[in-house]
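Letter by letter, the chains look like this.
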Amino acid sequence: MSIHVSTGIPSFSSRASQASRSQALPLVDLGKALASQLIVWHHLALYGPMCEVAESLAPALRDWLVEQGRLAVQVFLVMAGFLAARSMLPHPAAEPRATGVAAAIGRRFLRLAEPAWVALLAAMFAAWVARALIDHPTIPEAPTLLQVLAHLLMVQDVAGLEALSAGVWYVAIDLQLFALVALLCGLRRGIARPARSALTALLLLAGITLSLLLFNREPDLDVWAIYFVGAYGLGMLAHWAASARRPVSRIGWLLAILTLTGLALWLDWRVRILLAGTSALVLALLVPLDLRLPAWLARPVAALSHISYTVFLLHYPVLLLTGALIGRLWPDAPQVHALGLVLAWVLSLLAGWALQSALDGRERARQRPAAGAVVADQRAAVPG
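Read on for an overview of the structure. Small disclaimer: the values here were computed from a predicted structure and weren't measured.

The rules behind the values
Residues numbered from 1 in each chain as written. Predicted model: local features only at pLDDT ≥ 70, side-chain atom pairs only at ≥ 80, totals over all residues. Heavy atoms only, no water. Salt bridge = Lys/Arg side-chain N within 4 Å of Asp/Glu carboxyl O. Helix = DSSP H or I, 4+ residues; strand = E, 2+ residues; numbered from the N terminus. Buried < 20%, exposed > 50% of the residue type's maximum accessible area, 1.4 Å probe, protein only. Expected span 1.5 Å × (residues − 1). Contact = heavy atoms within 4.5 Å. Core = buried A, V, L, I, M, F, W, Y, C linked by side-chain atoms within 4.5 Å. Axes fitted to C-alpha atoms, helices over the stretch in contact; angles between N-to-C directions. Parallel < 35°, antiparallel > 145°, perpendicular 65-115°, else oblique. Left-handed = near helix turned anticlockwise from the far one by under 90°. Nonpolar A, V, L, I, M, F, W, Y, C, P; charged D, E, K, R; others polar. Patch = residues over 30% accessible without salt bridge, like charges linked within 9 Å, V, L, I, M, F, W, Y side chains within 5 Å. Areas by Shrake-Rupley, 256 points an atom, 1.4 Å probe, with all protein chains shown as cover. Phe/Tyr/Trp six-rings, centres within 6.5 Å; stacked < 30°, edge-to-face > 60°.

Once that is clear, we can look at the pattern of salt bridges. Considering all chains together, one arrives at 11 salt bridges under this definition. For Arg-366, the salt bridge goes to Glu-114, with nearest N and O atoms at 3.2 Å. Taken together, the residues span a long stretch of sequence, with Arg-366 in helix α15 (residues 334-381) and Glu-114 in helix α6 (residues 101-133) at a distance of 252 residues. The class of Arg-366 is partly exposed, set by a relative accessible area of 44%. By relative accessible area, Glu-114 is classed as buried at 17%. One salt bridge in this structure joins Glu-363 and Arg-366, with 3.7 Å as the shortest N-O distance.

What follows deals with helix α12 (residues 271-286). The end-to-end C-alpha distance of α12 is 22 Å, a good match for the 22 Å that 16 residues give at a rise of 1.5 Å each. Three or more residues of α12 are buried, namely Ile-273, Ala-276, Gly-277, Ser-279, Ala-280, Leu-281, Leu-283 and Ala-284. Residues of α12 that are buried sit in contact with α2 (26-44), α5 (72-88), α9 (193-213), α10 (229-243) and α11 (247-267).

Phe-82, Met-154, Tyr-170, Leu-177, Leu-237 and Ile-257 are the most contacted members of the largest nonpolar core, which totals 73 residues. For Met-154, the residues in contact, after removing those within four places along its chain, are Phe-109, Leu-112, Ala-113, Val-171, Ala-172 and Leu-175. Counting 22 residues, the second largest nonpolar core, distinct from the first, contains Ile-139, Ala-166, Ile-307 and Ile-326.

Structurally, Gly-323 is set in helix α14 (residues 308-329). When its relative accessible area of 1% is taken as the criterion, Gly-323 is described as buried. Separated by 273 residues in sequence, Gly-323 and Met-50 have C-alpha atoms that sit 5.7 Å apart. Filtering out sequence-adjacent residues up to four positions away, Gly-323 remains in contact with Pro-49, Met-50 and Ile-134.

Their axes nearest at 8 Å, the elements α10 and α12 cross at an angle of 15 degrees. With respect to α12, the axis of α10 lies roughly parallel. Viewed along their axes, α10 and α12 form a crossing whose handedness is right-handed. Counting all contacts with α10, which are made through Ala-231, Leu-234, Ala-238, Ala-241 and Ala-242, the residues of α12 involved are Ala-276, Gly-277, Ala-280, Leu-283 and Ala-284. Of the residues contributing to the contact of α10 with α12, the split by class is nine nonpolar, one polar and no charged.

Under the 1.5 Å per step criterion, the end-to-end length of α10 is 21 Å for 15 residues, consistent within 8% with the ideal 21 Å. For α10, the buried fraction is high: 14 of the 15 residues fall into the buried class.

With that settled, consider a nonpolar patch on the surface. Nonpolar side chains collect at one region of the surface, where Leu-153, Val-155, Val-158, Trp-224 and Ile-226 lie side by side and expose about 410 Å² of accessible area between them. The partly exposed category is assigned to Val-158, whose relative accessible area is 38%.

This brings us to unusual backbone geometry. A positive phi angle, close to 65 degrees, is found at Met-154, a residue other than glycine. A residue is classified by how much of its surface remains accessible, and Met-154, at 9% relative accessible area, is buried. Unlike most non-glycine residues, Asp-290 shows phi in positive territory, near 55 degrees. Looking at where Asp-290 falls in the secondary structure, it is placed in the loop between α12 and α13 (295-306). By relative accessible area, Asp-290 is classed as partly exposed at 46%.

Moving on, we get to the packing of aromatic side chains. Tallying each qualifying case throughout the model produces eight aromatic pairs. On the basis of an interplanar angle of 85 degrees and a centroid distance of 5.5 Å, the ring pair of Tyr-47 and Tyr-316 is categorised as edge-to-face. With a gap of 269 residues between them, Tyr-47 in the loop between α2 and α3 (49-54) and Tyr-316 in helix α14 connect regions that are remote in the sequence. Considered together, Tyr-47 and Tyr-316 belong to a single accessibility category, that of buried residues. An aromatic cluster is defined as three or more aromatic residues linked by ring pairs; in this entry it consists of Trp-169, Tyr-170, Tyr-227 and Phe-228.

Put into structure tokens, the structure is as follows:
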């Protein structure tokens, strides 16, 4: 049984407050909220007995979710690249940060891994319970020690091992993509500003071109970041276009997005690349307008965006448990299974909210000692 499917999540940014993120990038919040919910429903329509039993109620809807819902990954990849550029490489000539490449990648790994390990434990427990209740081909078998270790290190797909939860492959891909951006930043260290700008643009454009025209056309490469660099890099170009101060620079980056997308589609028509290019253009054109969501919509969108990662991680174990219980009690009741899908969705949101709240609490606790130390230093500097 394989649960490696084309789905994903956006860049997992720092745990700043919901309000600040929403005020800064409401369009990205909206994209994350909508795409994350589509991914959850893609998996609800794909795994477990509930979707199969309830299919007779809405077969066309299930087919659409299974076949088209996975395309939301392209939106996530573009937004991930946009946010990566915003935080690490806001423009081609940006000064390299003092943090070393290895340290940056290590911090990223821990930030991704902490909630992912919690979700892995939940998925293994849920699969154990589900196996005891029903027999279904989409329920993972008991994991081996090698599988667990590979998941802890985020190398399960590269090692060719079965995934223990849906979507864990994207967490590994996010880490790989972040590592590539960190390496790009490291290569620029010590280079003068004009040459640094040219080198950055050249390397990124080359990477996008190779990915869109070559690597992305090889399905076997989808366990490596090079398969996804095209969409991710288009998101980075979108940020450079959106933040460019000179109109000529903005037009240049917009033309780069259009040209690379058009060339990739001319060579090999792929709906996923069309969606990635369109998403990049939307960000590049609309983010500078500083649009705001209506007040009634801004709060739920910010909340769904804030918990998008934890919901993505936990919805699969929730789906396993819900599907196994309903499959055991009502094996042939389509209406009950349809309600079970809605219940699994709601419980996934609650589980994601609970885990994100715990992570936010730990983050605040980590920041308090540092803040207290700063206050103490300030008081010590004041003459008595």
